[in-house]
2 protein chains.
Amino acid sequence: MSKYCFGIDVGGTTIKCGLLSAAGELLEAWEIRTRLEENGRYILPDVAETIRKKIAEKNLDKDEIAGVGIGIPGPVNSAGEVPVAVNLHWGHVNIVKELGDLTGLKVKAANDANVAALGELWQGGGAGYQDMIMVTLGTGVGGGIILDGKIVAGSHGAGGEIGHAHVSDTITEACNCGGHGCLEQIASATGIAHLAQKALAATDEQSLMRNHKNVSAKTVFDAVKEGDALAIRVATEFGECLGKALAVFAVVVDPQIIVIGGGVSKAGPVLLDYVTGPFRANTFPPCRDTEFALAKLGNDAGIYGAAKMVL
Amino acid sequence: MSKYCFGIDVGGTTIKCGLLSAAGELLEAWEIRTRLEENGRYILPDVAETIRKKIAEKNLDKDEIAGVGIGIPGPVNSAGEVPVAVNLHWGHVNIVKELGDLTGLKVKAANDANVAALGELWQGGGAGYQDMIMVTLGTGVGGGIILDGKIVAGSHGAGGEIGHAHVSDTITEACNCGGHGCLEQIASATGIAHLAQKALAATDEQSLMRNHKNVSAKTVFDAVKEGDALAIRVATEFGECLGKALAVFAVVVDPQIIVIGGGVSKAGPVLLDYVTGPFRANTFPPCRDTEFALAKLGNDAGIYGAAKMVL
């Protein structure tokens, strides 16, 4: 019976590492630097080395370790292979084989947003559920689909890439993906700031948002909490867009719960107020009572989800 | 080792029945009437009776029968329970238990559109794949999501109800579901006929479609094949709508293949020409090479898919 597992969340700057109990307790968390030099060739050896050191430091028995789960910022297929991960300077990497050979432990790999979703299902906002859509509102919009407790990786490693759902025909700027009118362009922190800037430029109306040189998603929702009419209109526009998009995703996989995370979700429950109305008004009647929750694990979601994959 | 299985596809008028080999050969197909009287209470006993007769007629050994799969026109959860099936006059029915008790065989139940999708994956347009979105363009728009070879039933039995994806904010007529702007209102046979009627009313332009008193989806695609300019514009409008919707569904579950079936798909490969362009132009780059195919099994898809559930 395994007692421990490792959860690794690889980012472009740091690699978050966690030692967890099989029951889901985060026993220890630490970080190492992501070395991008030479096409990121040191990343997996560095991960193996920090795991080896932790096993030695804690005097763990390898037989008691279920394995290593790892989240990667890029597409990962269900076999744990990465075709390309731009942020890590990687071409094709077979993570499961390479990290498995380096550590002698069982390895599972998945996309970082999908892994974070699994973490939230296990110990966060989706705890107690099996079928979940998670949407992460940060600089971009990430997502993860969990069905029957398992990540939907997708046949091109693009399962849950809901930030790139086409939701608008009127946006002329290009999205990071090269497309136009992606959900990410409206519902991310960046997108909300754009909505606010446009709203402020279009009127002379008083607004608390004008007290800030750089309007951010936080500026908007702080002003919403003060009853600011213009900020409320911006939040309404954001909520209409995200709520309608989630209403479509819901008729595809019909989840029990939708969990909203990422920096924007720090606005708190007020955020849900703007999203759930348009969701319920636009989804298929049997899906209307889908639950909504905010994410709970913050930046640790990836560590938890990665660990859960090997349990 | 099981040699046989039964596939049952319950409709509002007839119940299609099939005896199949475990290898997927349809050995015999027949129909019985759907008796709706007394809240459809005779439906499952009638199914059990026709199976009993077939077993006797063919002198089959019950140990050689894998079971009975059954598709139902209504939501079915993953446990095989129907909360309500309006077309059968049913309230709550536990199909797996009731039909299992009546037949003494293993029973699996699912929504009819989902079952048809599984049939197409097994022996039809999606053969050889594991991850598929099927969209059925008939009087309405049905759908089914298959991941890892299994139906996504959904937590409210609404998995794959993609006909009720909200795709338009400008449609004022109500959809059958009570909503407004559902995919079904544009991309179904009925929806395409509406688009054509609107296009014809808006101009005096010559069109082969004017030779028909009642313009149907078939009228439109027959005219498209003759190079009719107005019909081509209608097909383009339909293709833009369906292609963009499928582009969104694809970033949720990232299938290997999208299969298009239903009466409208009888138009043939020309239909795909109008859908794949807008799909590829609007989906996330890794999903652009998703395969497309037409359904192959026609009205037998439900029998095949139902049988596959018990194998």
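What counts, and at which threshold
- Residues numbered from 1 in each chain as written.
- Chains lettered and ligands numbered in written order.
- Predicted model: local features only at pLDDT ≥ 70, side-chain atom pairs only at ≥ 80, totals over all residues.
- Heavy atoms only, no water.
- Helix = DSSP H or I, 4+ residues; strand = E, 2+ residues; numbered from the N terminus.
- Rg over C-alpha atoms; globule rule 2.2 N^0.38 Å.
- Buried < 20%, exposed > 50% of the residue type's maximum accessible area, 1.4 Å probe, protein only.
- Contact = heavy atoms within 4.5 Å.
- Areas by Shrake-Rupley, 256 points an atom, 1.4 Å probe, with all protein chains shown as cover.
- Lys, Arg positive; Asp, Glu negative; His and termini not counted.
- Charge placed at Lys NZ, Arg CZ, Asp CG, Glu CD.
- 1 Å grid on protein atoms, 1.4 Å probe; cavity = no way out; pocket = protein on both sides within 12 Å on 5 of 7 lines; lining within 4 Å.
- Points joined across faces, edges and corners; volume = space filled by probe spheres on them.
- Nonpolar A, V, L, I, M, F, W, Y, C, P; charged D, E, K, R; others polar.
- Axes fitted to C-alpha atoms, helices over the stretch in contact; angles between N-to-C directions.
- Parallel < 35°, antiparallel > 145°, perpendicular 65-115°, else oblique.
- Left-handed = near helix turned anticlockwise from the far one by under 90°.
- Polar contact = N/O pair within 3.5 Å; in protein donor to acceptor, adjacent residues only side chain to side chain.
- Pairing = 2+ DSSP bridges.
- Least-squares fit on C-alpha atoms with pLDDT ≥ 70 in both.
- Buried area = accessible area lost by both parts, 1.4 Å probe.
- Salt bridge = Lys/Arg side-chain N within 4 Å of Asp/Glu carboxyl O.
- Core = buried A, V, L, I, M, F, W, Y, C linked by side-chain atoms within 4.5 Å.
- Phe/Tyr/Trp six-rings, centres within 6.5 Å; stacked < 30°, edge-to-face > 60°.
- Lys NZ or Arg CZ within 6 Å of the ring centre and 35° of its normal.
- Disulfide = S-S within 2.5 Å.

Our next topic: the overall build of chain A. Helix and strand content of chain A: 10 helices and 12 strands. Against the globule reference of 19 Å for 311 residues, chain A gives a C-alpha radius of gyration of 20 Å, in line with a compact fold. If you line up chain A on its principal axes, its C-alpha atoms span 65 × 45 × 35 Å. Out of the 311 residues belonging to chain A, those deemed buried represent 58%. Long-range contacts, defined as pairs at least 24 residues apart, comprise 60% of the intrachain contacts of chain A with a sequence gap of at least 6. Of the roughly 12,800 Å² of accessible surface on chain A, a fraction of 49% belongs to carbon and sulfur atoms. Here chain A carries 26 positive and 35 negative side-chain charges, and the mean point of each set is 3 Å from the other.

Moving on: empty space enclosed by the protein. Applying the stated criterion to the full structure yields one cavity of 30 Å³ or more. Each pocket or cavity is described by its volume, and for the largest cavity that value is around 50 Å³. The wall of the largest cavity is formed by Ala281(A), Asn282(A), Thr283(A), Arg288(A), His166(B), Cys177(B), Gly179(B), His180(B) and Cys182(B). A per-class count over the lining of the largest cavity returns three nonpolar, five polar and one charged.

What follows concerns the packing of helix α8 (residues 229–253) of chain B against helix α9 (residues 269–282) of chain B. Residue and element names in this part refer to chain B. At a closest axis distance of 7 Å, the pairing of α8 and α9 adopts a crossing angle of 45°. Our classification of the angle between α8 and α9 gives oblique. Relative to α9, the crossing made by α8 is right-handed. Touching Ile232, Ala235, Thr236, Phe238, Gly239, Glu240, Leu242, Gly243, Lys244, Leu246, Ala247 and Ala250 of α8 are Leu271, Tyr274, Val275, Pro278, Phe279 and Asn282, all from α9. Considering only residue class, the contact of α8 with α9 consists of 12 nonpolar, four polar and two charged.

Turning our eyes to something else, we now look at the side chain of Ser207(A). All names here are of chain A. One can find Ser207 in the loop between α6 (189–201) and α7 (217–225). Within the structure, the side chain of Ser207 is placed 3.0 Å from the backbone nitrogen of Met209, a separation counted as a polar contact. For Ser207, the residues in contact, after removing those within four places along its chain, are Leu200, Asp228 and Leu230.

What follows covers the sheet that holds strand β3 (residues 26–33) of chain A. Residue and element names in this part refer to chain A. Taking strand neighbours across the sheet as the criterion, the five strands line up as β3-β2-β1-β4-β7 in an open arrangement whose pairing is mixed. Looking at the sheet topology across the chains shown, the edges are occupied by β3 and β7 (107–111). Neighbouring strand axes in the sheet, compared pairwise and without regard to direction, differ in orientation by 15° on average. The pairing of strand β1 (residues 4–10) with strand β4 (residues 65–72) spans five bridges and is classified as parallel. Bridge pairing in β4 links Phe6 to Val68.

Another point: the sheet that holds strand β9 (residues 141–147) of chain B. Residue and element names in this part refer to chain B. Reading across from one edge, β10-β9-β8-β11-β12 is the order of the five strands in this open sheet, with mixed pairing throughout. Pairing within the sheet leaves two strands with one partner each, and these edge strands are β10 (150–151) and β12 (291–294). Across the sheet, α9 is in contact with β8 (132–137), β11 (257–261) and β12; its angle to β12 comes to roughly 155°.

Attention now goes to the pairing of strand β7 (residues 107–111) of chain B. All names here are of chain B. Here β7 lies mainly inside the structure; four of its five residues are buried. Here strand β4 (residues 65–72) runs beside β7; their pairing, made up of five bridges, is parallel. Bridged to Ile70 within β7 is Ala109.

Moving on, we come to the relation of the copies chain B and chain A. Here chain B sits on chain A after a turn of 180° about the axis and a move of 0.0 Å along it, with an RMSD of 0.0 Å. Each copy turns onto its partner about a two-fold axis. The C-alpha atom lying nearest the rotation axis in chain B is that of Phe249(B); the distance is 3.5 Å. Interface residue correspondence from chain B to chain A reaches 100%, placing this contact among same-surface, isologous pairings.

Next up on the list: the side chain of Asp46(B). Inspection of the secondary structure assignment puts Asp46(B) in helix α2 (residues 43–58). Those residues in contact with Asp46(B) that sit more than four places away from it in its chain are Ile32(B) and Arg35(B).

Turning to the interface of chain B and chain A, a few remarks are in order. With 35 residues of chain B in contact, the opposing surface of chain A contributes 35 residues. Taking both sides of the interface into account, the surface hidden between chain B and chain A amounts to around 2,900 Å²; carbon and sulfur atoms contribute 64%. Its largest share of buried area at the contact with chain A, chain B owes to His156(B), Val252(B) and Phe284(B), together 22% of the area lost on that side. For the pair chain B and chain A, the interface holds two salt bridges. Across the chain B-chain A interface, the total number found is 24 residue pairs in polar contact (both at pLDDT 80 or more). For the side of chain B that touches chain A, the elements supplying multiple residues, two or more each, are β9 and α8 of chain B.

Attention shifts here to the packing of helix α6 (residues 189–201) of chain B against α8(B). All names here are of chain B. The interhelical angle for the contact between α6 and α8, taken along N-to-C directions, is 135°, at an axis separation of 10 Å. The angle between α6 and α8 falls in the class oblique. Crossing handedness for the pair α6 and α8: right-handed. Together, Ile192, Leu195, Ala196, Ala199 and Leu200 of α6 and Leu230, Val234, Glu237 and Phe238 of α8 make up the contact between the two elements. Grouping the constituent residues of the contact of α6 with α8 by class yields eight nonpolar, no polar and one charged.

Core analysis: the largest hydrophobic core is formed by 118 residues, its most contacted members being Phe221(A) and Phe221(B). If we skip the residues at most four places from it in the chain, Phe221(A) touches Ile192(A), Ala235(A), Phe238(A), Val264(A), Ala267(A), Val270(A), Leu271(A) and Tyr274(A).

All names here are of chain A. Applying the stated criterion across every chain yields a total of six aromatic pairs over all chains. Ring geometry for Phe221 against Phe238: centres 5.9 Å apart, planes inclined by 80°, an arrangement best described as edge-to-face. Residue Phe221 is found in helix α7, and its partner Phe238 is found in helix α8 (residues 229–253); the two are separated by 17 residues along the sequence. Here Phe221 matches Phe238 in class, with each residue buried. The ring of Trp30 is capped by Lys54, whose NZ or CZ atom sits 4.4 Å from the centre of that ring.

Next up on the list: the state of the cysteines. Residues and elements named next belong to chain A. Evaluation of the coordinates by the stated rule reveals zero disulfides over all chains. In this model Cys175 remains outside any disulfide bridge; the closest cysteine sulfur is found in Cys182, 3.8 Å from its own. As a non-bridged cysteine, Cys177 has Cys182 as the owner of its nearest cysteine sulfur, 3.7 Å distant. The exposure class of Cys177 is buried, given its relative accessible area of 16%.

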